[in-house]
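As a plain string of letters, each chain reads:
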Amino acid sequence: MILVTGSILAREDSFDAVLRSCIEHVERSRKEPGCISHDVHVDCQNPMRLFFFEQWADEAALRTHFAVEGSKAFVKSLKGRIVETSGTKIYRTEEIAR
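Everything quoted here is computed from the prediction, not taken from an experiment. (Residues numbered from 1 in each chain as written. Predicted model: local features only at pLDDT ≥ 70, side-chain atom pairs only at ≥ 80, totals over all residues. Heavy atoms only, no water.)

Below, the discussion takes up the UniProt feature "domain: ABM" (unreviewed entry) in the chain. Listed under "domain: ABM" (unreviewed entry) in the UniProt record, and renumbered for this structure, are residues 2-96. Secondary structure over residues 2-96 splits into 36% helix and 35% strand, and the C-alpha atoms at its two ends are 14 Å apart. (UniProt positions renumbered as here; feature names shortened; annotations may be inferred. Helix = DSSP H or I, 4+ residues; strand = E, 2+ residues; numbered from the N terminus.)

Now for the nonpolar core. Buried together is how nonpolar side chains tend to be arranged in soluble globular proteins. If you look at the biggest cluster of nonpolar residues, it comprises eleven residues: Ile8, Ala10, Phe15, Val18, Cys22, Val26, Val40, Leu50, Phe52, Phe74 and Leu78. Where this core is concerned, the elements lending two or more residues are β1 (2-10), α1 (15-29), β3 (49-56) and α3 (69-78). At four residues, the largest contribution of residues to this core is made by α1. Setting aside chain neighbours within four positions, we find valine 26 in contact with His38, Asp39, Val40 and Phe52. Counting six residues, the second largest nonpolar core, distinct from the first, contains Ile2, Val4, Cys35 and Leu62. (Core = buried A, V, L, I, M, F, W, Y, C linked by side-chain atoms within 4.5 Å. Buried < 20%, exposed > 50% of the residue type's maximum accessible area, 1.4 Å probe, protein only. Contact = heavy atoms within 4.5 Å.)

Turning to the packing of helix α2 (residues 59-67) against α3, a few remarks are in order. Each packed pair of helices is defined by two parameters, the angle between the axes and the distance between the axes. At a minimum axis distance of 5 Å, the contact between α2 and α3 shows a crossing angle of 60°. Taken together, the axes of α2 and α3 are oblique relative to one another. Where α2 approaches α3, its residues His65, Phe66 and Ala67 are matched on the opposing element by Glu69, Ser71 and Lys72. Residues belonging to the contact of α2 with α3 are distributed by class as follows: two nonpolar, two polar and two charged. (Axes fitted to C-alpha atoms, helices over the stretch in contact; angles between N-to-C directions. Parallel < 35°, antiparallel > 145°, perpendicular 65-115°, else oblique. Nonpolar A, V, L, I, M, F, W, Y, C, P; charged D, E, K, R; others polar.)

As a further point, take the environment of phenylalanine 15. Inspection of the secondary structure assignment puts phenylalanine 15 in helix α1. You can call phenylalanine 15 buried: its relative accessible area is 12%. For the pair formed by phenylalanine 15 and methionine 48, sequence separation is 33 residues and the distance between their alpha carbons is 6.7 Å. If sequence neighbours within four positions are ignored, phenylalanine 15 has contacts with Ala10, Val42, Pro47, Met48 and Leu50.

Between α1 and α3, whose axes approach to 10 Å, the crossing angle comes to 170°. One way to sum up the angle between α1 and α3 is to call them roughly antiparallel. Along its contact with α1, which presents Val18, Ser21, Cys22, His25 and Arg28, the element α3 presents Gly70, Ser71, Phe74, Ser77 and Leu78. The residue inventory of the contact of α1 with α3, partitioned by class, reads four nonpolar, five polar and one charged.

With that settled, consider α3. Regarding α3, the residues found buried are Ser71, Phe74 and Leu78. Taken end-on, α3 shows its buried residues confined to a sector of 55°, consistent with a single buried face. Away from its buried face by more than 90 degrees, α3 exposes Glu69 and Lys76. For α3, the secondary structure elements touched by its buried residues are β1, α1, β3, α2 and β4 (82-85). A positive phi of about 80° marks glycine 80, the residue just after α3. (Arc of directions from axis to C-beta.)

See the structure below:
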């Protein structure tokens, strides 16, 4: 499984628009082949920060996700609306049985 994390810090005057874009991106992404989960959360300590957590079946599914026009449009929609991004962090994982 592939895990993806990242966060963005929205400008206060554009938070609502950024949040709407994030939710639309998440809902679209959840329908893509290989998407196990795709979530966005508001940071409890800084409500302008949005945190993404994604699980993908494999690297091919993730690469396809990044190439989808909707994903590219989402990234473009953030331009000028965010203060910073942590960047996307990608991890290859395996579940540990208990």
